[in-house]
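Inside the fold
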Amino acid sequence: MSIETINKLKDDSLYYGEFGQQFLSNSDISTLLSNPKNFRVPQDDNVNFHKGRYFHQLILEPEKAKNIDFIDVSSRNTKAYREASNGRIIMLEKEGQEIRDCVEAMTDNFAFFEGIRQEGCEYEVPAIGYIKGVQWKGKADIVCPDKLIDLKTTSSISDFKWSARKYNYDSQCYIYQNLFGKPLVFYVVDKTSKQLGIFRPTEEFLERGEQKVIKAVEVYNNFFTENPKYDIDEYYIQETL
């Protein structure tokens, strides 16, 4: 693992930019498995990305959270918002308060606070490594002496087991445990009820993640290496009904 490369990946602009695209990441899983024609097609920023960044920054990088702009209007359809935003995304004050309430719920709970702030923890730690013959990258929220902690918000904590599959947290878990050599645990807060949950992956969860990685690597090798086997325009879905 190159120290120089790791240091570069600490910079979000390099991690998510062209430099970081030499590696696969868990965010590529969904595209490679569902619509590989969109692989590496630039995505516009959106409100959910903004909210997720703010949530993580408040807990892990509070100095960055101070740079977030807010506007106190009822919706993005208002004239005041359109004039202030000038085409960019500004977080609504009510959205920011919802996120701050989630952060408070986590940090006010002793078990969560102790896990997040325990001695020896590092935050926003990048890693790279070969998995299934392909180089992957990952940036762990929290690296503790004995485990990784990944922070999540959810719209329904009772459904988190199912959304974890839908949003490929299983493949994330498999990738990160391989990159960092430590078990991963999800610390979750419900955005509505503020109920908290700690979710520990099972072997079945990890095996499902591994299968997603295997399939994603197969698609990547078929269509996106320097000497691909097939042209991406030849891709099609084949299923039995």
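Our subject is the structure that appears above.
Only a predicted model underlies this, so the values are computations on that prediction, with no experimental measurement involved.

Reading guide: rules and limits
- Each chain carries its own residue numbering, running from 1 in the written order of its sequence.
- Thresholds applied to this predicted model are a pLDDT of at least 70 for local features of residues and 80 or more for the giving and counting of side-chain atom pairs; totals over whole chains, interfaces and linings are not thresholded and use all residues.
- Hydrogens and water molecules were not included; the side-chain quantities draw on all heavy atoms of the structure.
- Numbering of helices and strands runs from the N terminus, with a helix taken as a DSSP run of H or I at least four residues long and a strand as a DSSP run of E at least two residues long.
- Three labels apply to residues, based on accessible area from a 1.4 Å probe with only protein chains included: buried if under 20% of the type maximum, exposed if over 50%, partly exposed otherwise in between.
- Two residues form a contact once any of their heavy atoms are found within 4.5 Å.
- Reported accessibility uses the Shrake-Rupley method at a 1.4 Å probe radius. Residues are deemed covered only where the shown protein chains occlude them.
- When charges are counted, Lys and Arg contribute as positive and Asp and Glu as negative, whereas His and the chain ends are disregarded.
- A charged residue contributes its charge at one atom only: NZ of Lys, CZ of Arg, CG of Asp or CD of Glu.
- Here an angle of 0 to 180 degrees is reported between the N-to-C directions of two axes, which are lines fitted to C-alpha atoms, with helices fitted over the stretch in contact.
- An angle below 35 degrees is treated as roughly parallel, one above 145 as roughly antiparallel, one from 65 to 115 as roughly perpendicular, and anything else as oblique.
- Amino acids outside the nonpolar list (Ala, Val, Leu, Ile, Met, Phe, Trp, Tyr, Cys, Pro) and the charged list (Asp, Glu, Lys, Arg) are all regarded as polar, and Gly is one of them.
- Two strands qualify as a pair provided DSSP detects at least 2 bridges between them.
- Residue count minus one, scaled by 1.5 Å, sets the expected span of a helix.
- Paired rings are identified among Phe, Tyr and Trp, the last through its six-membered ring, by centres lying within 6.5 Å, and are further divided according to the angle between planes into stacked (under 30 degrees), edge-to-face (over 60) and tilted (the rest).
- Over a ring means this: the NZ of a Lys or the CZ of an Arg is within 6 Å of the ring centre and within 35 degrees of the ring normal.
- Here the nonpolar core consists of buried residues drawn from Ala, Val, Leu, Ile, Met, Phe, Trp, Tyr and Cys, with membership extended through side-chain atoms lying within 4.5 Å.

So, on to the overall build of the protein chain. Broken down by element type, the protein chain carries 11 helices and 7 strands. Over its C-alpha atoms, taken along the principal directions, the protein chain stretches across nearly 55 × 45 × 45 Å. Going through the 241 residues of the protein chain one by one, you find that 43% of them count as buried. Within the protein chain, counting contacts between residues at least 6 apart in sequence, those at least 24 apart form 62% of the total. Of the roughly 14,000 Å² of accessible surface on the protein chain, a fraction of 47% belongs to carbon and sulfur atoms. Charge centroids of the protein chain, computed over 31 positive and 38 negative side chains, lie 2 Å from each other.

This next bit is on the packing of helix H10 (residues 169–180) against helix H11 (residues 203–223). If you want to describe how two helices pack, look at the angle between their axes and the distance between the axes. Close contact between H10 and H11 brings their axes to 7 Å; oriented N to C, the two are set at 90 degrees. It follows from the interaxial angle that H10 and H11 lie roughly perpendicular. Counted together, Tyr-169, Asp-170, Ser-171, Cys-173, Tyr-174, Ile-175 and Gln-177 of H10 and Phe-205, Leu-206, Arg-208, Gly-209, Glu-210, Lys-212 and Val-213 of H11 form the full contact between these two elements. Residues of the contact of H10 with H11, tallied by class, amount to 7 nonpolar, 3 polar and 4 charged.

Let's shift gears to the sheet that holds strand E3 (residues 122–131). Read across the open sheet, the 5 strands follow the order E3-E4-E5-E6-E7; overall the sheet is mixed. Single-partner strands in this sheet number two, and they are E3 and strand E7 (196–199). For this sheet the average axis-to-axis angle between neighbouring strands, irrespective of direction, equals 35 degrees. The strands touched by H11 are E3, strand E4 (134–143) and strand E6 (184–190); relative to E4, the strand with the most contacts, the crossing angle is about 140 degrees.

To continue, consider H10. Because each turn of an α-helix spans 3.6 residues, side chains separated by three or four positions end up pointing in the same direction. Given a rise of 1.5 Å per residue, 12 residues ought to cover 16 Å, and the 16 Å separating the end C-alpha atoms of H10 matches this to within 8%. Turning to H10, its buried residues number three or more, namely Tyr-169, Asp-170, Ser-171, Gln-172, Cys-173, Tyr-174, Ile-175, Tyr-176, Leu-179 and Phe-180. Following H10 by one or two positions, Gly-181 has its phi on the positive side, about 70 degrees.

Moving on: helix H3 (residues 27–34). Among the residues of H3, those classed as buried are Asp-28, Ile-29, Thr-31 and Leu-32. Residues of H3 that are buried in the fold lie against E4, H10 and H11.

Tallying each qualifying case throughout the model produces 15 aromatic pairs. Centre to centre, the rings of Tyr-15 and Tyr-16 are 4.8 Å apart; their planes meet at 75 degrees, and the pair counts as edge-to-face. Tyr-15 gets classed as buried once you look at its relative accessible area, which sits at 4%. Relative to Tyr-169, the ring of Tyr-167 has its centre 6.2 Å away and its plane inclined at 35 degrees; by these criteria the two rings are tilted. Classification of Tyr-167 by relative accessible area gives partly exposed; the value is 47%. One aromatic cluster is present, built from ring pairs that chain together Phe-39, Tyr-220, Phe-223, Phe-224, Tyr-230 and Tyr-235. Positioned over the ring face of Phe-70 is Arg-100, at 5.3 Å from the centre of the ring. Directly above the ring of Tyr-15 sits Lys-139, whose terminal nitrogen or CZ lies 4.7 Å from the centroid.

Counting 38 residues, the largest nonpolar core has Trp-136, Tyr-176, Phe-180, Phe-186 and Val-213 as the members making the most contacts within it. Going through the elements one at a time, helix H1 (3–9), H3, E3, E4, helix H9 (160–166), H10, E6 and H11 are the ones with two or more residues in this core. Counting residues per element, this core draws most heavily on H11, at 8 residues. Not counting residues up to four positions away in its chain, the partners in contact with Val-213 are Ile-29, Ile-131, Lys-132, Trp-136, Ser-171, Tyr-174 and Ile-175.

Let's shift gears to unusual backbone geometry. Its identity as a non-glycine residue notwithstanding, Asn-168 has a phi of 60 degrees, on the positive side. With respect to the element layout, Asn-168 can be found in the loop between H9 and H10. With a relative accessible area of 8%, Asn-168 lands in the buried category. For Lys-194, which is not a glycine, the phi torsion comes out positive at approximately 65 degrees. Relative to the helices and strands, Lys-194 resides in the loop between E6 and E7. The exposure class assigned to Lys-194 is partly exposed, which follows from its relative accessible area of 24%.

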